[in-house]
Amino acid sequence: MFRRARMFRAGVGHRQLWVCNQRPRQPFALSNRRRVEAINGTTRTRKGKAMNVLITCCGRKLYLIDEFRRLLSVLFPGEQHQVFTTESDEYAASLLYADKGFLVPRIAEAVYVPHIARICRQNDISFLLPTKDTELTKFAEERVSLQGVVLPLSPLESVLLCEDKLRFAQVMGQHFVVPATFGREDSGNPRLSFPVVVKERGVGIETSGFALCRSREELLHALKAHREPIVQEWI
């Protein structure tokens, strides 16, 4: 059943942001309400330490803050826990909605992960949740600076594989049926039948660079508009 959503207005500086926030569900029943923490694929009981959560690049994802607050209240009843957020946009609604928001450098800057690591140390962060594709590689490369913080993130080689759409399709094609996928140099392959999809080989955000081509002329035009394109059959 769909949950009813409610809209509220969040005033941030001179801007007014409309944010959609889902109505919180009733807490679910747990047979065991001990504090647990995932460490290296195992769980162990935690005592006497707050489970503070940091959500990076939270933006307008206020439902994540609500869900973590609800989960912490169920897992650790009667104890005080906090949900923190980070953003590089000073007008992001999550900076005001969280228990505390931190304005941080942009992901592309070299000081991004060290800045996040310092926030974790200073605020006793136990769990770090990255929410943006473009920051995953940085966290995977500098995971050592976040020791003591639970970071649900695959190893670096897996992250790099997933960020390369061509390599990912080639590897998955060894085990599963996947759409036919070609690089720019193979775009004239006779196996290619229209319509086809053209997109960037690397990390994309919200279908940026996506193009649907129904003819060879449209394909050639789309290839020129992309830095490192891949071509896939349209399903």
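**Re the confidence of the model for the protein chain**
Predicted confidence across the protein chain gives a mean pLDDT of 81, with 77% of residues reaching 70 or more. No element of the protein chain has a lower mean pLDDT than strand β4 (residues 42-45), at 34, and none a higher one than strand β6 (residues 83-87), at 98.

**Describing the pairing of β6**
The buried count for β6 comes to five of five residues, which makes it a mostly enclosed element. The alternating pattern of β6 places Val83, Thr85 and Glu87 and Phe84 and Thr86 on opposite faces, both of which are buried. Judged from the three bridges that link them, strand β5 (residues 52-55) and β6 form a sheet pairing that is parallel. Within β6, the position partnered with Val53 by the bridge is Val83. For the crossover from β5 across helix α1 (residues 62-75) to β6, the handedness is right-handed.

**Concerning the pattern of salt bridges**
Pairing between side chains of opposite charge can happen when their charged atoms approach one another. The tally for this structure, following the rule as stated, stands at four salt bridges. One salt bridge connects Arg69 with Asp99, and the closest N-O pair in it is separated by 3.5 Å. Here the residue Arg69 occupies a position in helix α1, and Asp99 occupies one in the loop between α2 (94-97) and β7 (100-103), the gap between them amounting to 30 residues. Classification of Asp99 as partly exposed rests on a relative accessible area of 38%. Beyond isolated ion pairs, a larger network of salt bridges with shared partners links Asp164, Arg201 and Glu228.

**Some thoughts on unusual backbone geometry**
The omega angle of the peptide bond from Phe194 to Pro195 is 5°, so this bond is cis rather than trans. As for its position among the elements, Pro195 is in the loop between β9 (181-183) and β10 (196-200). Although it is not a glycine, Cys57 adopts a positive phi angle of roughly 50°. Structurally, Cys57 is set in the loop between β5 and α1. You will see that Asp124, though not glycine, has its phi angle at about 55°, which is positive. Looking at the element boundaries, Asp124 is found in the loop between α3 (112-122) and β8 (125-129).

Scoring rules and cut-offs
Residues numbered from 1 in each chain as written. Predicted model: local features only at pLDDT ≥ 70, side-chain atom pairs only at ≥ 80, totals over all residues. Heavy atoms only, no water. pLDDT = per-residue confidence, 0-100. Helix = DSSP H or I, 4+ residues; strand = E, 2+ residues; numbered from the N terminus. Buried < 20%, exposed > 50% of the residue type's maximum accessible area, 1.4 Å probe, protein only. Pairing = 2+ DSSP bridges. Right-handed = clockwise from strand over helix to strand, strands pointing away. Salt bridge = Lys/Arg side-chain N within 4 Å of Asp/Glu carboxyl O.

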